[in-house]
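Survey of secondary and tertiary structure
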Amino acid sequence: MTIDKIGGIGGGSYEPRKSTPVRKTASNESFDNISISDTAKQKASEARIQAEVQTITQKIVASPVDSERSTKLKEVKEKLKNGDYDNLSPEILNAVADRIAESFLGR
């Protein structure tokens, strides 16, 4: 008895399935953008300088009175206590910041 082959079960007639390529879907995602205006940047800078001035003034007010200093220092401390320096204009803040920077840089 002989058995004939029925179909392409073995050997070289095997063909693998062709895979379908993956399609990329169009991305409709939107990204958030933030932009900060020049005015807001300036206000933030002024607020930082104002905070630094207040920190320095608190240190000055808290420091003991030195007998070697002149009456000018006493006047400045009184003005600090009275709040005369609480709302400074941007021009004055920039001048103070420049003087502080000069003192740190030794110019």
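Residues numbered from 1 in each chain as written. Predicted model: local features only at pLDDT ≥ 70, side-chain atom pairs only at ≥ 80, totals over all residues. Heavy atoms only, no water.

A count of helices and strands for the chain gives three helices and zero strands. Each helix and strand of the chain, ordered N terminal to C terminal, gives the series α-α-α. When the 107 residues of the chain are sorted by exposure, 9% land in the buried category. Accessible surface computed for the chain: about 10500 Å², of which carbon and sulfur atoms make up 52%. (Helix = DSSP H or I, 4+ residues; strand = E, 2+ residues; numbered from the N terminus. Buried < 20%, exposed > 50% of the residue type's maximum accessible area, 1.4 Å probe, protein only. Areas by Shrake-Rupley, 256 points an atom, 1.4 Å probe, with all protein chains shown as cover.)

Our focus in this paragraph is the confidence of the model for the chain. Of all residues in the chain, 79% attain a pLDDT of 70 or more, and the chain-wide mean is 79. The weakest mean pLDDT in the chain belongs to helix H2 (residues 71-82) at 84; the strongest belongs to helix H1 (residues 38-62) at 89. (pLDDT = per-residue confidence, 0-100.)

Moving on, we come to H2. Compared with an ideal rise of 1.5 Å per residue, which puts 12 residues at 16 Å, H2 spans 17 Å between its outermost C-alpha atoms and is within 8% of the ideal. Buried residues belonging to H2 abut H1. Phi turns positive, to about 85°, at Gly83, one or two residues after H2. (Expected span 1.5 Å × (residues − 1). Contact = heavy atoms within 4.5 Å.)

As a further point, take the layout of surface pockets. In this model, the largest pocket occupies a volume close to 510 Å³. Contributing to the lining of the largest pocket are 17 residues, with Ile60, Val76, Tyr85, Val96 and Arg99 lying nearest its centre. When residues of the lining of the largest pocket are traced back to their parent elements, those giving at least two are H1, H2 and helix H3 (90-105). When its residues are assigned to classes, the lining of the largest pocket shows 12 nonpolar, two polar and three charged. (1 Å grid on protein atoms, 1.4 Å probe; cavity = no way out; pocket = protein on both sides within 12 Å on 5 of 7 lines; lining within 4 Å. Points joined across faces, edges and corners; volume = space filled by probe spheres on them. Nonpolar A, V, L, I, M, F, W, Y, C, P; charged D, E, K, R; others polar.)

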